[in-house]
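Secondary and tertiary structure notes
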Amino acid sequence: MHVGRHDFLPKADLLTLEELDRLCSAFIAKGVRKLRLTGGEPLVRRNVMSLVRSLSRHLRSGALDELTLTTNGSQLSRFAGELRDCGVRRINISLDTLDPAKFRAITRWGDLDKVLDGIEAARAAGLAVKINAVALRKHQRGRNSVADEWAHGKGMALTLIEVMPMGDIGEGRIDQYVPLSLLRARLGQQYTLTDLADDTGGPARYVHIGETVRELGFITPMTHNFCESCTGCGSPVPARCIPASATRMPPIAQAAAASADDQLLARRSIGRSLEAEGP
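Residues numbered from 1 in each chain as written. Predicted model: local features only at pLDDT ≥ 70, side-chain atom pairs only at ≥ 80, totals over all residues. Heavy atoms only, no water.

Quick word on a nonpolar patch on the surface
Taken together, the side chains of Leu15, Leu23 and Phe27 present a nonpolar region at the surface, about 270 Å² in accessible area. Here Leu15 falls in the partly exposed class, since its relative accessible area comes to 39%. (Patch = residues over 30% accessible without salt bridge, like charges linked within 9 Å, V, L, I, M, F, W, Y side chains within 5 Å. Areas by Shrake-Rupley, 256 points an atom, 1.4 Å probe, with all protein chains shown as cover. Salt bridge = Lys/Arg side-chain N within 4 Å of Asp/Glu carboxyl O. Buried < 20%, exposed > 50% of the residue type's maximum accessible area, 1.4 Å probe, protein only.)

What follows is the structure, given as structure tokens:
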């Protein structure tokens, strides 16, 4: 959220927890086997655990295979144990840096220690944790990135994500874009990376890191739109599954790379700029 902006939707425009339960249950009745609660930050929603407890009935009945959560981690010290009791077994935590000052700059409210305490509470409760880290050009300098051994050293999965053009991104957002191919090249100089053919049904591509014996995910909506290899999900008429426009590079990426040649030039330019900035 931009500084000084607090334009939340009116409460009347939001689905109630009861309506969310009804909607989720309708999807489950139609064959959906996995649900993820996300946000914003789902754990700051008043009485959100009543929704989690209610949805857990589908886990007990066998109608649902998995109930997961994406969170910023700030409320996990309070809710980790209860989430586990409700049948949640793994969570995703958004965390872009381990540097307290950078964390405050990115989040605008940030208390990094509170998030780290929440992560430890989740691990102590027996929840499997995956860290999602957005690669921001301004914050890639230094050795405090979660892309180092920290996540894998604690037995947590890690996925790196390119900046995505979602909502009101502000004038400087495109300047934060850095292609993950550059970060992968850097990691390849430090670690042994092996491409994996794992298909989790999501947008991530995975590599195996020999030194940590763990997997690292890359979500690259800008350089490699995950729809580009879609064959229509098995539909005999692929165009009815996904609009043709969905397979094209997003406008924000087009601005950075109008063609394959321009994209290469853009990567080289950003690479030289990052090298000039130093470690």
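The discussion continues.
Some details on the environment of Arg214
In this structure, Arg214 sits in strand β8 (residues 214-219). According to the relative accessible area criterion, Arg214 is partly exposed, its value standing at 34%. Distance in space between the C-alpha atoms of Arg214 and Gly155 is 8.2 Å, their sequence separation being 59 residues. (Helix = DSSP H or I, 4+ residues; strand = E, 2+ residues; numbered from the N terminus.)

Describing the confidence of the model for the protein chain
With 67% of its residues at a pLDDT of 70 or more, the protein chain shows a mean pLDDT of 77. Scored below 50 in pLDDT, residues 234-263 shows 28 contacts in the model against residues more than four places distant or in partner chains. (pLDDT = per-residue confidence, 0-100. Contact = heavy atoms within 4.5 Å.)

Describing the packing of helix α2 (residues 48-61) against helix α3 (residues 76-85)
As a packed pair, α2 and α3 sit with axes 10 Å apart at the nearest point and diverge in direction by 15 degrees. The orientation of α2 with respect to α3, classified from their angle, is roughly parallel. Two packed elements cross with a definite hand, and for α2 against α3 that hand is right-handed. Contacts between α2 and α3 pair Met49, Val52 and Arg53 from the former with Phe79, Glu82 and Leu83 from the latter. Looking at side-chain class alone, the contact of α2 with α3 contains four nonpolar, no polar and two charged residues. (Axes fitted to C-alpha atoms, helices over the stretch in contact; angles between N-to-C directions. Parallel < 35°, antiparallel > 145°, perpendicular 65-115°, else oblique. Left-handed = near helix turned anticlockwise from the far one by under 90°. Nonpolar A, V, L, I, M, F, W, Y, C, P; charged D, E, K, R; others polar.)

Observations regarding the pairing of strand β3 (residues 90-94)
In this sheet, β3 lies alongside strand β2 (residues 66-71) in parallel orientation, the contact comprising three bridges. Bridging from a neighbouring strand, Thr70 pairs with Asn92 of β3. The parallel pair β2 and β3 is bridged by α3, and the resulting crossover is right-handed. In the sheet, β3 pairs with strand β4 (residues 128-135) via five bridges, with the strands oriented parallel. (Pairing = 2+ DSSP bridges. Right-handed = clockwise from strand over helix to strand, strands pointing away.)

Quick notes on helix α4 (residues 100-107)
The backbone nitrogen of Ala101 lies 2.9 Å from a side-chain oxygen of the residue at the head of α4, namely Asp99. One or two steps after α4, the chain reaches Arg108, where phi turns positive at roughly 70 degrees. (Polar contact = N/O pair within 3.5 Å; in protein donor to acceptor, adjacent residues only side chain to side chain.)

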